[in-house]
Amino acid sequence: MNASTSAKVLAPTVKLLINGKLVESQSTQWRDVVNPATQEVLARVPFATPDEVNAAVANAKEAFKTWRKTPIGQRARIFLKLQQLIRENMKELAALLTAEQGKTLPDAEGDVFRGLEVVEHAANIGSLQLGELANNVANGVDTYSVLQPLGVCAGITPFNFPAMIPLWMFPMAIATGNTFVLKPSEQDPMVTMRLCELALEAGIPPGVLNVVHGGEDVVNAICDHPDIKAISFVGSTKVGTHVYNRASLAGKRVQCMMGAKNHAIVMPDANKEQTLNALLGAAFGAAGQRCMALSVAVLVGDAQKWIPELVEKSKTLKVSGGTEPGTDVGPLVSCAALSRVESLIERGLADGAKLELDGRKPQVAGYDKGNFVGPTVFSGVKPGMSVYDQEIFGPVLCLAAADSLDEAIEFINANPNGNGTAIFTQSGAAARKFQEDIDVGQVGINVPIPVPVPLFSFTGSRASKLGDLGPYGKQVVLFYTQTKTVTARWFDDSTTSQGVNTTISLR
Ligand code: NAD
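Everything numeric here is computed off the predicted structure, so don't read it as measured data.

Draft legend 1. Quick peek at the overall build of the protein chain. If you tally the helices and strands in the protein chain, you get 17 helices and 22 strands. Taken over C-alpha atoms, the radius of gyration comes to 25 Å for the protein chain, in line with the 23 Å a tight globule of 507 residues would show. Considering only C-alpha atoms, the protein chain reaches an extent of 85 × 65 × 40 Å along its principal axes. Taken across its 507 residues, the protein chain has 54% of its residues classed as buried. Here the contacts in the protein chain between residues at least 6 apart in sequence split such that 72% fall between residues at least 24 apart. For the protein chain, the exposed area adds up to about 21,300 Å²; of that, 53% sits on carbon and sulfur atoms.

Draft legend 2. Geometry of the sheet that holds strand S18 (residues 421–424). If you trace the seven strands from one edge of the open sheet to the other, you get S14-S15-S16-S13-S12-S18-S19, paired in mixed fashion. The two strands at the open ends of the sheet, each matched to only one other strand, are strand S14 (354–357) and strand S19 (443–445). Ignoring which end each strand starts from, the neighbouring axes of this sheet average 25° apart. As defined by bridge partners, S14 adjoins strand S15 (residues 376–379) across three bridges and the pair is classed as antiparallel. Directly across from Leu357, in S15, lies its bridge partner Val377. Across the face of the sheet, helix H11 (residues 272–284) comes into contact with strand S12 (262–266), strand S13 (294–300), S15, strand S16 (396–402) and S18 while running at roughly 150° to S13.

Draft legend 3. Local environment of the UniProt feature "domain: Aldehyde dehydrogenase" (unreviewed entry) in the protein chain. The feature "domain: Aldehyde dehydrogenase" (unreviewed entry), as annotated in UniProt, sits at residues 23–486 in this numbering. Across residues 23–486 one finds 39% helix and 21% strand; the C-alpha atoms that close the span lie 43 Å apart.

Draft legend 4. Quick look at the domain arrangement of the protein chain. Partitioning the protein chain into structural domains gives domain 1 (14–257 + 472–484) and domain 2 (260–443). Centre-to-centre separation of domain 1 and domain 2, based on C-alpha positions: 31 Å. Taken together, the contact between domain 1 and domain 2 spans 15 residues of the former and 21 residues of the latter. Summed over both partners, the interface of domain 1 with domain 2 comes to about 1,500 Å²; 59% of that surface belongs to carbon and sulfur atoms. Here Arg290 makes a salt bridge to Asp107, at a shortest N to O gap of 3.1 Å. Applying the counting criterion to the domain 1 and domain 2 interface returns seven residue pairs in polar contact (both at pLDDT 80 or more).

Draft legend 5. The site of the ligand, seen in detail. Surveying the vicinity of the ligand reveals 27 residues, the closest of which are Thr157, Lys183, Glu186, Ser236 and Glu391. Here Phe159 contributes a backbone N or O atom positioned 3.0 Å from an oxygen atom of the ligand. Met258 is positioned such that a nitrogen or oxygen atom in its backbone is 2.8 Å from a nitrogen atom of the ligand. Within the complex, the protein chains bury 88% of what would otherwise be the 840 Å² of accessible surface of the ligand.

Draft legend 6. Structural context of the sheet that holds strand S5 (residues 133–138). Taken together, three strands build an open sheet; the order of strands is S5-S6-S22 and the sheet is antiparallel. One side of each edge strand has no neighbouring strand; the edge strands of this open sheet are S5 and strand S22 (481–489). The sheet shows a mean angle of 30° between the axes of neighbouring strands, direction not considered. Where strand S6 (residues 141–149) lies against S22, nine bridges are found, and the strand directions are antiparallel. Counterpart to Pro149 in the pairing with S22 is Thr481.

Draft legend 7. Representation of the state of the cysteines in the model. Under the criterion given, the structure shown has zero disulfides. Cys153 provides the cysteine sulfur closest to Cys196, a residue in no disulfide bond, and the two sulfurs are 15 Å apart.

Draft legend 8. Up close: helix H15 (residues 405–413). Among all positions of H15, only Leu405, Ala408, Ile409 and Ile412 are buried. The arc enclosing the buried residues of H15, seen along the axis, measures out at 100°, which places them on a common side. Residues of H15 that are buried make contact with S12, S13, S16, S18, helix H16 (428–437) and strand S20 (461–462).

Draft legend 9. Representation of the pattern of salt bridges within the structure. Evaluated as defined, the whole model comprises 24 salt bridges. Lys65 is the partner of Glu62 in a salt bridge, and the nearest nitrogen-oxygen pair spans 2.9 Å. Taken together, the residues Glu62 and Lys65, both in helix H2 (residues 50–67) and three residues apart, mark about one turn of the helix. Look at Glu62 and you get partly exposed, because its relative accessible area is 47%. Given a relative accessible area of 53%, Lys65 falls into the exposed group. The salt bridge partner of Glu117 is Arg114, with a shortest N-O separation of 3.0 Å.

Draft legend 10. Local environment of the environment of Thr425. For Thr425, the location among the structural elements is in the loop between S18 and H16. When its relative accessible area of 5% is taken as the criterion, Thr425 is described as buried. Sequence-distant contacts of Thr425, defined by excluding residues within four places in its chain, comprise Met267, Asp269, Ala270, Ala430, Ala431 and Asn446. Only 2.9 Å separates the side chain of Thr425 from the side chain of Asp269, close enough to count as a polar contact.

Draft legend 11. Structural context of helix H12 (residues 307–315). Within the sequence span of H12, burial applies to Ile307, Leu310, Val311 and Ser314. Axial view of H12: buried residues confined to an arc of 95°, hence all on one face. Taken together, the buried residues of H12 touch H11, S13, S14, S15 and S16.

Draft legend 12. Local environment of the packing of aromatic side chains. Per the counting criterion, the structure on display carries seven aromatic pairs. Ring centres of Tyr388 and Phe411 lie 5.3 Å apart, and the angle between their planes is 50°; on these two criteria the pair is classed as tilted. Note that Tyr388 is positioned in helix H14 (residues 386–389) and Phe411 in helix H15, a separation of 23 residues in sequence. Judged by centre distance (5.1 Å) and plane angle (75°), the rings of Phe479 and Tyr480 are edge-to-face. For the pair Phe479 and Tyr480, one class covers both residues: buried. Here a set of aromatic residues connected by ring pairs shows up, and it is made of Trp168, Phe458 and Tyr472. Of note, Arg44 hangs over the ring of Trp30, and the distance from its end group to the ring centre comes to 4.8 Å. The aromatic ring of Phe161 is capped on one face by Lys103, whose charged end is 4.0 Å from the ring centroid.

What counts, and at which threshold
Residues numbered from 1 in each chain as written. Predicted model: local features only at pLDDT ≥ 70, side-chain atom pairs only at ≥ 80, totals over all residues. Heavy atoms only, no water. Helix = DSSP H or I, 4+ residues; strand = E, 2+ residues; numbered from the N terminus. Rg over C-alpha atoms; globule rule 2.2 N^0.38 Å. Buried < 20%, exposed > 50% of the residue type's maximum accessible area, 1.4 Å probe, protein only. Contact = heavy atoms within 4.5 Å. Areas by Shrake-Rupley, 256 points an atom, 1.4 Å probe, with all protein chains shown as cover. Pairing = 2+ DSSP bridges. Axes fitted to C-alpha atoms, helices over the stretch in contact; angles between N-to-C directions. UniProt positions renumbered as here; feature names shortened; annotations may be inferred. Domains from an automatic or database assignment. Buried area = accessible area lost by both parts, 1.4 Å probe. Salt bridge = Lys/Arg side-chain N within 4 Å of Asp/Glu carboxyl O. Polar contact = N/O pair within 3.5 Å; in protein donor to acceptor, adjacent residues only side chain to side chain. Near = heavy atom within 4 Å. Disulfide = S-S within 2.5 Å. Arc of directions from axis to C-beta. Phe/Tyr/Trp six-rings, centres within 6.5 Å; stacked < 30°, edge-to-face > 60°. Lys NZ or Arg CZ within 6 Å of the ring centre and 35° of its normal.

As structure tokens, this is what we get:
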């Protein structure tokens, strides 16, 4: 037995969660969960069998019978407790997340925190899931609506936010009275599982939250399963489009948040220091592996003169393991992601973009096996180049140029994606014009990553999203419920008969 085989035998297994119990999968297909800074095998994750997926759905279906009628205050209190447990375990959750995903510890806490905000919002479900009532719509008739849960719902999550995105999904689905089957990313399922354990500790009853692991086959089984009513997906455009089409065809309600290419416009009147800091944080933070990462900056007019300073500042960022204090840029999630990003940088050069800063193969003391790429900057980037047309999902900032705000807006609107965008300026008029004319669902004004807090919803648009409603906030209450409208007449004993009404009018 060689060293790596022995490590695999010793690595703990990631469990399934079925009917309130953590269970060992009977699968014969497993994959390693690997620390991207060291290549240490942390755990092994199963690809659940069809029987295990069916068992998760069957238990969720059974649990729905009682959960749907559980008093709203009782549901809310579980999420009050869960938010407390997440706060108490923040350090442990962040450490687990950094170990399997790679991002820095402070950013891992941010990942957990942005999910925690959704849990806090779920605790407020009593005031979110309200129907409407219109009194006396006809003689003695009232009409009211109730928002009823759908049944078994499912969530499929990506690797890049293994805490926040599962927390976008199951708390609001369950708070609204549904039961849930979660399929986390097979690349980093451990922190997600820890959050689910905390959810059980907070009081989520058996069967209400279930977890199955796996890849394509498990996702397809979820899309096809007749007892699943709705699916929330977050991940790449290719897989999201497949999930949307397949699950819609099977009659499900589906929402898919997908890939992106997020642009910022830099106006020459912007505060230079603040703007450069914002651009670098949003382009290189999490090693560029955010769906809202700022991957293209459109420099307008004299802002093009800022390139040398932008490059010098980029060189000051520290590339290292996510647990090292002061690290700005951690490793990419996998060796495959590393070679993909390196080859896209190569293609950028071949396509004629100017490589202002090459972050490939950085020397990282103590982490010679890590999947690192340092901050990388291209200028002269144009549509038609691979570094512009593809989502790089690495620490690569592409710089494009425009002569005016109008030209910059037109450039961004011509890109098919619509996840996020930002403008840096000191002009209220320029900011307002941008806000009005830009065709992107989430807009930042001197804010580089405008992910809305859960009082609002995540509102990516165009090619970055399929389905109408967003994954948290007010919109997701509608996503996870069916509006039922009741028209009721209660006769007084004294009501005199109006005889037979053969018309459509209410009398
Ligand atoms: P991915 O699409 O590879 O994986 C997402 C999920 O789909 C995972 O659970 C995975 O197991 C499953 N999957 C993978 N291949 C599949 C296949 N062939 N068939 C069925 N299911 C499959 O995405 P990723 O690499 O984990 O995440 C990165 C992507 O997610 C980026 O494109 C990023 O922009 C996007 N993302 C979008 C948002 C958003 O809100 N718009 C947020 C985070 C990430």
